[in-house]
Amino acid sequence: MAAANQHYYATRDPLGAGGDFTTAPEISQMFGELIGLWCADLWDRAGRPEMAWVELGPGRGTLAVDALRAMAKAGLAPPVHFVETSPVLRAAQAERVPDAVWHDSIDTLPTDRPLIVIANEFFDALPIRQLVRGAAGWFERLVACQDTLFLPIAGKQMPDAIIPEALRDAPPGSVIETSPASVAILRDLAQRIVVQGGALLAIDYGYAGPALGDTLQAVRGHAFANPFETPGEQDLTAHVDFGTLAAAALVERARVAGPIGQGAFLTALGIDARAAALAKTVSERADQIAIDKARLTQAMGDLFQVLAVTAPAWPQPAGFA
Ligand code: SAH
């Protein structure tokens, strides 16, 4: 999954109508603006420290442009750091945010100041492992390759002790997913945030796990595809287990808010007022603005979840009521 996605993102811009999928910042400027205001409000209540603004997997840089514009209006113009591996998307980001500093991984992010980190549809692209319940216990699912044919096969049996207790006796065929890569990144960032100050905001389709379910999916040309077909040529994702990510942050003694639905979050941040103001300024687009708002808050409203991680010494983040 890691290798397939690495090739996939390195060789194209997958976003938008002509690509494979569309994300919240590409639907409406309101999304990035409200996230920018979330950052500015938190920074302001934290005493306006010198900080760095970080985005993980910034796509085309659309969220960053909208967020930075909103932050600047609130008096916040921080240095921008992007964690991005795709050269194609780095080029798109450089057109929009030329002053950004790019990183291959979180390892090289600044260590001398608070970080506010945004991750929209980033964790879903990181590789997962799947464990499948057989008659005798749990087995890791592996992928076999014969010529160009890829197939899921049973791997070796896992000790029961590594299966969350509540799920251990699930019926045969049940699937548990874990994303060690996501947990490692979340934990590392939570640790830095506790030491340096700051916050992380992760938004993705997900659930408060651990839970049962096979959520591995492939998307191509805005339609679902077989994840084992043409690896590297279609987007592979899995739903994000926010329960496990939150637990990883708590281990590092960070504070956690959420997960809550994207709809409730954006409504608490004032998307209704922002949509009304926008519709007034560009009245010919009023209908489209209403459609976009409904897509962000209703269609995506519960499927997409929002989790915040903050330093214990920082104020409570807005939006989680
Ligand atoms: N946040 C953007 C793009 C989401 S697509 C949006 O909401 O529109 C996923 C993004 O994560 C892409 O920019 C992709 O290149 C990047 N990405 C995927 N795997 C990555 C990895 N392992 N390290 C860094 N970036 C990665």
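Quick note: structure is the one above.
Bear in mind the structure is a predicted one, so any value in this text is a computation, not a measurement.

**Points about helix α10 (residues 286-299)**
- Compared with the 20 Å implied by 1.5 Å per residue over 14 residues, the 19 Å span of α10 between its first and last C-alpha is a close match.
- Burial in α10 covers these residues: Ile289, Asp292, Leu296 and Thr297. The arc enclosing the buried residues of α10, seen along the axis, measures out at 115°, which places them on a common side. The exposed residues of α10 that point more than 90 degrees off its buried face are Asp287, Gln298 and Ala299.

**Topic: the nonpolar core**
- In terms of nonpolar packing, the biggest core is built from 74 residues, with Trp38, Trp53, Leu56, Ile116, Phe123 and Leu201 touching the most fellow members.
- Here this core takes nine residues from helix α3 (residues 29-45), the largest share from any one element.
- Excluding its chain neighbours within four sequence positions, the residues that come into contact with Ile116 are Trp38, Cys39, Trp43, Met51, Ala52, Trp53, Val54, Ala199 and Trp314.

**Considerations on the packing of aromatic side chains**
- What the rule picks out here adds up to five aromatic pairs.
- Between Phe122 and Phe123, the ring centres sit 5.3 Å apart and the planes meet at 75°, which makes this aromatic pair edge-to-face.
- Taking the centre distance of 5.2 Å and the plane angle of 50° together, the rings of Phe265 and Phe320 count as tilted. With Phe265 in helix α8 (residues 262-268) and Phe320 in the segment after β15 (304-310), this pair connects stretches of sequence that are 55 residues apart. One exposure class covers both Phe265 and Phe320, and it is buried.

**With respect to the side chain of Glu140**
- Note on placement: Glu140 falls in strand β6 (residues 138-146).
- Within the structure, the side chain of Glu140 is placed 2.5 Å from the side chain of Arg129, a separation counted as a polar contact.

**A few points about the pairing of strand β5 (residues 129-133)**
- Burial runs high along β5: four of the five residues are buried.
- Note: β5 against strand β8 (residues 175-178), four bridges, orientation antiparallel. Counted as the bridge partner of Val132 is Val175 from β8.
- Relative to β6, β5 runs antiparallel, the two being bridged by three bridges. Each bridged residue has a counterpart across the sheet, and for Val132 the counterpart in β6 is Phe139.
- Two successive antiparallel strands, β5 and β6, enclose a turn made up of four residues, where Gly137 displays a positive phi of approximately 155°.

**Focus on the packing of α3 against helix α9 (residues 271-281)**
- At a closest axis distance of 11 Å, the pairing of α3 and α9 adopts a crossing angle of 130°. Judged by the angle between their axes, α3 and α9 are oblique. Of the two elements, α3 crosses α9, and the hand of that crossing is right-handed. Here Gln29, Met30, Glu33 and Leu34 of α3 come into contact with α9, specifically with Ile271, Arg274, Ala275 and Leu278.
- Partitioning the contact of α3 with α9 into residue classes produces five nonpolar, one polar and two charged.

**Thoughts on the sheet that holds β6**
- Pairing is antiparallel across the open sheet formed by four strands, whose spatial order is β7-β6-β5-β8. Of all the strands in the sheet, the pair left with one neighbour each is β7 (149-158) and β8. When strand polarity is set aside, the average angle formed by the axes of neighbouring strands in this sheet is 35°.
- Inspection of the sheet shows β6 paired to β7 by eight bridges, in the antiparallel sense. Among the inter-strand pairings, Leu142 is bridged to a residue of β7, identified as Ile153.

**Regarding unusual backbone geometry**
- For the bond from Gly209 to Pro210, the omega torsion is 5°, close enough to zero to count as cis.
- Secondary-structure assignment places Pro210 in the loop between β9 (198-207) and β10 (217-220).
- With an omega dihedral of 5°, the bond running from Gly258 to Pro259 counts as a cis peptide bond.
- Its place among the elements puts Pro259 in strand β14 (residues 255-261).

So, how was this worked out
- Residues numbered from 1 in each chain as written.
- Predicted model: local features only at pLDDT ≥ 70, side-chain atom pairs only at ≥ 80, totals over all residues.
- Heavy atoms only, no water.
- Helix = DSSP H or I, 4+ residues; strand = E, 2+ residues; numbered from the N terminus.
- Expected span 1.5 Å × (residues − 1).
- Buried < 20%, exposed > 50% of the residue type's maximum accessible area, 1.4 Å probe, protein only.
- Arc of directions from axis to C-beta.
- Core = buried A, V, L, I, M, F, W, Y, C linked by side-chain atoms within 4.5 Å.
- Contact = heavy atoms within 4.5 Å.
- Phe/Tyr/Trp six-rings, centres within 6.5 Å; stacked < 30°, edge-to-face > 60°.
- Polar contact = N/O pair within 3.5 Å; in protein donor to acceptor, adjacent residues only side chain to side chain.
- Pairing = 2+ DSSP bridges.
- Axes fitted to C-alpha atoms, helices over the stretch in contact; angles between N-to-C directions.
- Parallel < 35°, antiparallel > 145°, perpendicular 65-115°, else oblique.
- Left-handed = near helix turned anticlockwise from the far one by under 90°.
- Nonpolar A, V, L, I, M, F, W, Y, C, P; charged D, E, K, R; others polar.

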